[in-house]
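Report on the structure
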Amino acid sequence: KVMVDIGIAADAMGHSDTAQEWYGKALAVSPEDSLAMCRMASSKYAQGKYDEAMSQLRQLIKDKPGSYCAYFTLGVAFADAGLYRDAIRQWRRVVALAPTSPEALSAKESIDVLEKFLQGK
């Protein structure tokens, strides 16, 4: 958990390579850590390594279908690509899986914004 938190802090400061090193260390100790996997994919996505990040997220969801972090990050990717209905679907999964998580709160806000946008079209 501490290694993942250090990675999160490094990502927040814009040090993606360092963050990914820490996520890698966390995964070396705990290969099944879905949060470390998700944060690694999210960090790579933020670096523009879209194919690698999406592949990791899809594998994570296949292996751990309850990983709400992965659904949240997929929602972000879909929204970035202009696939708003797909983003909403992913974020609804986040809300269903972990309704009180920070990701769910953010997902609810994003769903509201996108639904209003889509209604205006």
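Please read all numbers here as calculations on a predicted model, not as lab measurements.

All told, the structure shown has 3 aromatic pairs when counted by the stated rule. Pairing Tyr45 with Tyr50 gives two aromatic rings, centres 4.9 Å apart and planes at 65°, and the pair type is edge-to-face. On the numbers, 6.4 Å between centres and 40° between planes, the contact of Phe72 with Trp91 is tilted. Remark: Trp91 occurs in helix 6 (residues 84–97) and Phe72 occurs in helix 5 (residues 68–80); sequence separation between them is 19 residues. The burial state of Phe72 is the same as that of Trp91; both residues are buried. The aromatic ring of Trp22 is capped on one face by Lys25, whose charged end is 4.2 Å from the ring centroid.

Our next topic: the state of the cysteines. Inspection of the entire model under this criterion finds 1 disulfide. Sulfur-sulfur distance for the disulfide between Cys38 and Cys69 comes to 2.1 Å. Around the S-S axis, the bridge from Cys38 to Cys69 shows a dihedral of about -85° and counts as left-handed. Here the residue Cys38 occupies a position in helix 3 (residues 34–46), and Cys69 occupies one in helix 5, the gap between them amounting to 31 residues. On the basis of relative accessibility, which here comes to 0%, the residue Cys38 falls in the buried class. With relative accessibility at 9%, the residue Cys69 sits in the buried group.

Look at helix 3 against helix 4 (residues 50–63): their axes get within 7 Å of each other, and the N-to-C directions meet at 160°. One finds that helix 3 runs roughly antiparallel with respect to helix 4. Helix 3 and helix 4 meet at a crossing whose hand is left-handed. The residues of helix 4 that touch helix 3, namely those facing Ser34, Met37, Cys38, Met40, Ala41, Lys44 and Tyr45, are Tyr50, Glu52, Ala53, Gln56, Leu57 and Leu60. The residue inventory of the contact of helix 3 with helix 4, partitioned by class, reads 9 nonpolar, 2 polar and 2 charged.

Thresholds applied
- Residues numbered from 1 in each chain as written.
- Predicted model: local features only at pLDDT ≥ 70, side-chain atom pairs only at ≥ 80, totals over all residues.
- Heavy atoms only, no water.
- Phe/Tyr/Trp six-rings, centres within 6.5 Å; stacked < 30°, edge-to-face > 60°.
- Helix = DSSP H or I, 4+ residues; strand = E, 2+ residues; numbered from the N terminus.
- Buried < 20%, exposed > 50% of the residue type's maximum accessible area, 1.4 Å probe, protein only.
- Lys NZ or Arg CZ within 6 Å of the ring centre and 35° of its normal.
- Disulfide = S-S within 2.5 Å.
- Axes fitted to C-alpha atoms, helices over the stretch in contact; angles between N-to-C directions.
- Parallel < 35°, antiparallel > 145°, perpendicular 65-115°, else oblique.
- Left-handed = near helix turned anticlockwise from the far one by under 90°.
- Contact = heavy atoms within 4.5 Å.
- Nonpolar A, V, L, I, M, F, W, Y, C, P; charged D, E, K, R; others polar.

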